Amino acid sequence: MIFSSKKDLFLDLLTSIADNVRDSAQYFVDFKIKSDDDLKEFARKMKAYENKGDKFIHELIIGLNKTFITPLEREDILELANKMDDILDGMEQCASRFEMYNITTPDPYMVQFAGHILEATYEVAESAKLLHKKKLMEIRPHAIKLNDLESVVDDLLRTSIKNLFSVEKDPIKIMQYKELYELLEAISDSTEDVADTLETIIMRNA
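Residues numbered from 1 in each chain as written. Predicted model: local features only at pLDDT ≥ 70, side-chain atom pairs only at ≥ 80, totals over all residues. Heavy atoms only, no water.

**Regarding the environment of E50**
In step 1: With respect to the helices and strands, E50 occurs in helix 2 (residues 36-66).
In step 2: Once the C-alpha coordinates of E50 and V21 are considered, the two residues, 29 residues apart in sequence, prove to be 8.6 Å apart.
In step 3: With residues near it in sequence (within four places) discarded, E50 still touches L88, D89 and E92. (Helix = DSSP H or I, 4+ residues; strand = E, 2+ residues; numbered from the N terminus. Contact = heavy atoms within 4.5 Å.)

In structure tokens form, the structure reads like this:
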């Protein structure tokens, strides 16, 4: 389906969802945890970002149910929104695990994971802006970058788990850290899912 010529609610909402994902990732990286109270605040704020994202998704679904003509295929709009929301859900889940396991000092691997995820969310947000401007072919380099970042994170997962089993002796800590590494890698997988959805949109509409 071709783009509508009028300003469209759905493209506005997709941009808002992407911006919220990027902002939450920036907070995820920037917030400094030093105490149990900080952990609670971190988890609370990430939950607030997730709730904000859920409201955007709800508004988008209501709009889709009421609108006959949409600027993209309905399934593409919903798929892109849900895949972006998966990134946010993953970060909120990770934040809740930090609080649950009382981890106040992320290790260097977690910092690297978070940095790559943040970079990916900027690519997602820029892609949404280009989609809003109907500059479809300009999205492709960002989709490629998202795929590249996911490959880097895959390698990081292997390296981090290998190091964990070689240096850590506490089985509880091994279990907790391995879960966190895998949660962070799953967030990166979600950014790649966004890239795949963007590629589908380009193919159908360019």
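Let's pick the thread back up.
**Section: the pattern of salt bridges**
In step 1: Tallied over the full model, the rule gives 14 salt bridges.
In step 2: Here K129 makes a salt bridge to D19, at a shortest N to O gap of 2.9 Å. You can see K129 sitting in helix 4 (residues 108-132) and its partner D19 sitting in helix 1 (residues 9-30), a full 110 residues away along the chain.
In step 3: Measuring nitrogen to oxygen at the nearest pair gives 3.4 Å for the salt bridge that ties K145 to E119. You can see K145 sitting in helix 5 (residues 140-167) and its partner E119 sitting in helix 4, a full 26 residues away along the chain. (Salt bridge = Lys/Arg side-chain N within 4 Å of Asp/Glu carboxyl O.)

**Examining the packing of aromatic side chains**
In step 1: Here the structure, examined in full by the defined rule, presents nine aromatic pairs.
In step 2: For the ring pair Y177 and Y181, a centre distance of 6.3 Å and an interplane angle of 85 degrees mean the geometry is edge-to-face. Residue Y177 and its partner Y181 are both found in helix 6 (residues 171-205); the two are separated by four residues, about one turn of the helix. Note on accessibility: Y177 and Y181 belong to one class, buried.
In step 3: Aromatic rings pair up to connect Y27, F28, F31, F42, Y49 and F98 into one cluster.
In step 4: Seen from the ring of Y122, R22 lies directly overhead, with NZ or CZ sitting 5.9 Å from the centre.
In step 5: The cationic tip of K45 hangs over the ring face of Y49; the distance from NZ or CZ to the ring centre is 5.1 Å. (Phe/Tyr/Trp six-rings, centres within 6.5 Å; stacked < 30°, edge-to-face > 60°. Buried < 20%, exposed > 50% of the residue type's maximum accessible area, 1.4 Å probe, protein only. Lys NZ or Arg CZ within 6 Å of the ring centre and 35° of its normal.)

**Thoughts on the packing of helix 3 (residues 74-100) against helix 6**
In step 1: Helix 6 packs onto helix 3 with a crossing angle of 170 degrees between their chain directions and a minimal axis gap of 9 Å. The orientation of helix 3 relative to helix 6 falls into the category roughly antiparallel.
In step 2: Of the residues that constitute the contact of helix 3 with helix 6, the class distribution is 13 nonpolar, six polar and nine charged. (Axes fitted to C-alpha atoms, helices over the stretch in contact; angles between N-to-C directions. Parallel < 35°, antiparallel > 145°, perpendicular 65-115°, else oblique. Nonpolar A, V, L, I, M, F, W, Y, C, P; charged D, E, K, R; others polar.)

**Focus: the nonpolar core**
In step 1: Ranked by internal contacts, the top residues of the largest apolar core, which has 65 residues, are F28 and M91.
In step 2: The set of elements that each furnish at least two residues to this core consists of helix 1, helix 2, helix 3, helix 4, helix 5 and helix 6.
In step 3: Sorting elements by how many residues they give to this core places helix 4 first, with 12 residues.
In step 4: Not counting the four nearest positions on each side in its chain, F28 is found in contact with F42, M46, M91, C94, A95, F98, A114 and L184. (Core = buried A, V, L, I, M, F, W, Y, C linked by side-chain atoms within 4.5 Å.)

**Observations concerning the confidence of the model for the chain**
Low pLDDT means the predicted coordinates in that region are not meant to be read closely.
In step 1: With 97% of its residues at a pLDDT of 70 or more, the chain shows a mean pLDDT of 94.
In step 2: Within the chain, helix 2 has the poorest average pLDDT of any element, 94, and helix 5 the best, 98.
In step 3: Predicted confidence is poor over residues 1-6, with pLDDT under 50, and the contacts of this stretch with residues over four places away or in other chains come to 16 contacts. (pLDDT = per-residue confidence, 0-100.)

**Digging into helix 5**
In step 1: The end-to-end C-alpha separation of helix 5 is 41 Å, in line with the 40 Å expected for 28 residues at 1.5 Å each.
In step 2: Of the residues making up helix 5, those classed as buried are H142, A143, L146, L149, E150, V153, L156, L157, S160, I161 and L164. (Expected span 1.5 Å × (residues − 1).)

**Things to note about the side chain of H142**
In step 1: Topologically, H142 is positioned in helix 5.
In step 2: Beyond its immediate sequence surroundings of up to four residues, H142 is in contact with E123, E126, S127 and L130.

**Focus: the packing of helix 2 against helix 3**
In step 1: Between helix 2 and helix 3, whose axes approach to 9 Å, the crossing angle comes to 165 degrees. It follows from the interaxial angle that helix 2 and helix 3 lie roughly antiparallel. In the crossing of helix 2 with helix 3, the sense of the turn from one axis to the other is left-handed.
In step 2: Taken together, the residues of the contact of helix 2 with helix 3 sort by class into 16 nonpolar, two polar and nine charged. (Left-handed = near helix turned anticlockwise from the far one by under 90°.)

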